[in-house]
Amino acid sequence: FDGQVAVYETSDCSNFNVYNLVGANDDFNLTGDDYPYLNLCGLTAGNTYYLMHDPNGGAGIYSLRLRDVVVEAGTDNGLLDVCLGDTVDLNTQITGADAGGTWTEDIP
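Residues numbered from 1 in each chain as written. Predicted model: local features only at pLDDT ≥ 70, side-chain atom pairs only at ≥ 80, totals over all residues. Heavy atoms only, no water.

K.L.:
In this structure, what is going on with the overall build of the protein chain? I would like to understand it.
P.N.:
Scanning the protein chain from terminus to terminus reveals one helix and five strands. Reading the secondary structure of the protein chain in the N-to-C direction produces β-β-β-β-α-β. Across the protein chain, the fraction of contacts at a sequence separation of at least 24, relative to all contacts at a separation of at least 6, is 48%. Just so you have it, the protein chain exposes about 8100 Å², and 47% of that area is on carbon and sulfur atoms. (Helix = DSSP H or I, 4+ residues; strand = E, 2+ residues; numbered from the N terminus. Contact = heavy atoms within 4.5 Å. Areas by Shrake-Rupley, 256 points an atom, 1.4 Å probe, with all protein chains shown as cover.)

K.L.:
Teacher, can you tell me more about a nonpolar patch on the surface here?
P.N.:
On the surface, a cluster of nonpolar side chains totalling about 440 Å² of accessible area is made up of L51, Y62, L64 and L66. Here L66 lies in the loop between β3 (50-55) and β4 (75-76). (Patch = residues over 30% accessible without salt bridge, like charges linked within 9 Å, V, L, I, M, F, W, Y side chains within 5 Å. Salt bridge = Lys/Arg side-chain N within 4 Å of Asp/Glu carboxyl O.)

K.L.:
Please clarify how the sheet that holds strand β2 (residues 20-25) should be interpreted in this entry.
P.N.:
Either a parallel or an antiparallel arrangement is found when strands of a sheet pair, and the pairing is made through backbone hydrogen bonds. On the basis of which strands lie adjacent, the open sheet formed by three strands has the order β2-β1-β3 and antiparallel pairing. Every interior strand has two partners, whereas the edge strands, β2 and β3, have only one. Across the sheet, the mean angle separating the axes of adjacent strands is 20 degrees when strand polarity is ignored. Of the pairings in the sheet, the one linking strand β1 (residues 3-9) to β3 comprises six bridges and is antiparallel in character. From the neighbouring strand, Y8 faces β3, where its bridge partner is Y50. (Pairing = 2+ DSSP bridges. Axes fitted to C-alpha atoms, helices over the stretch in contact; angles between N-to-C directions.)

K.L.:
What is the right way to read the pairing of β1 from this model?
P.N.:
On any regular strand, side chains alternate: one points to one face of the sheet, the next to the other face. When β1 meets β2, the two strands line up antiparallel, connected through five bridges. In the strand pairing of β2, E9 is matched with N20.

K.L.:
Any chance you could explain the packing of aromatic side chains here in plain terms?
P.N.:
Two descriptors summarise a pair of aromatic rings, namely the distance from one centre to the other and the angle between the planes of the rings. Counted by the stated rule, this structure contains two aromatic pairs. An angle of 45 degrees between the planes, with centres 4.9 Å apart, marks the rings of F16 and Y19 as tilted. Using a relative accessible area of 63% as the deciding quantity, one classes F16 as exposed. Members of the aromatic cluster, connected to one another through ring pairs, are Y8, F16 and Y19. (Phe/Tyr/Trp six-rings, centres within 6.5 Å; stacked < 30°, edge-to-face > 60°. Buried < 20%, exposed > 50% of the residue type's maximum accessible area, 1.4 Å probe, protein only.)

K.L.:
Please clarify how the side chain of T10 should be interpreted in this entry.
P.N.:
Relative to the helices and strands, T10 is located in the loop between β1 and β2. A distance of 3.5 Å separates the side chain of T10 from the backbone oxygen of V18, its partner in a polar contact. Setting aside anything within four residues of it in sequence, one finds T10 in contact with N15, V18, Y19 and Y50. (Polar contact = N/O pair within 3.5 Å; in protein donor to acceptor, adjacent residues only side chain to side chain.)

K.L.:
Just checking my understanding: could you explain the environment of Y62 for this structure?
P.N.:
Following the sequence through the fold, Y62 ends up in the loop between β3 and β4. What makes Y62 partly exposed here is its relative accessible area of 42%. Taking C-alpha positions, Y62 is 9.3 Å from D2, a pair spaced 60 residues apart along the chain.

Rendered as structure tokens:
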């Protein structure tokens, strides 16, 4: 399904002039598909965000999957903001982690 997705925040839902675009994606296209894939970091817990998903050129059936990026390798040393494509020095950011191993992320 060729769709597009965007996330906004606003102080007034009835006034599109004050909408702030947080992030958007049209064609992820990692596997040749035209579905959107959006990874957002730095969101504030407790804030309200508005998700817009619409078809790009036609109607269709789609599903949404929302999830947190989870780092479970020890205890973090404060705020650890991890985004797709970021490099994190686990030696300085996480304590109690075992040496060695492989770090992976499942990409849909």
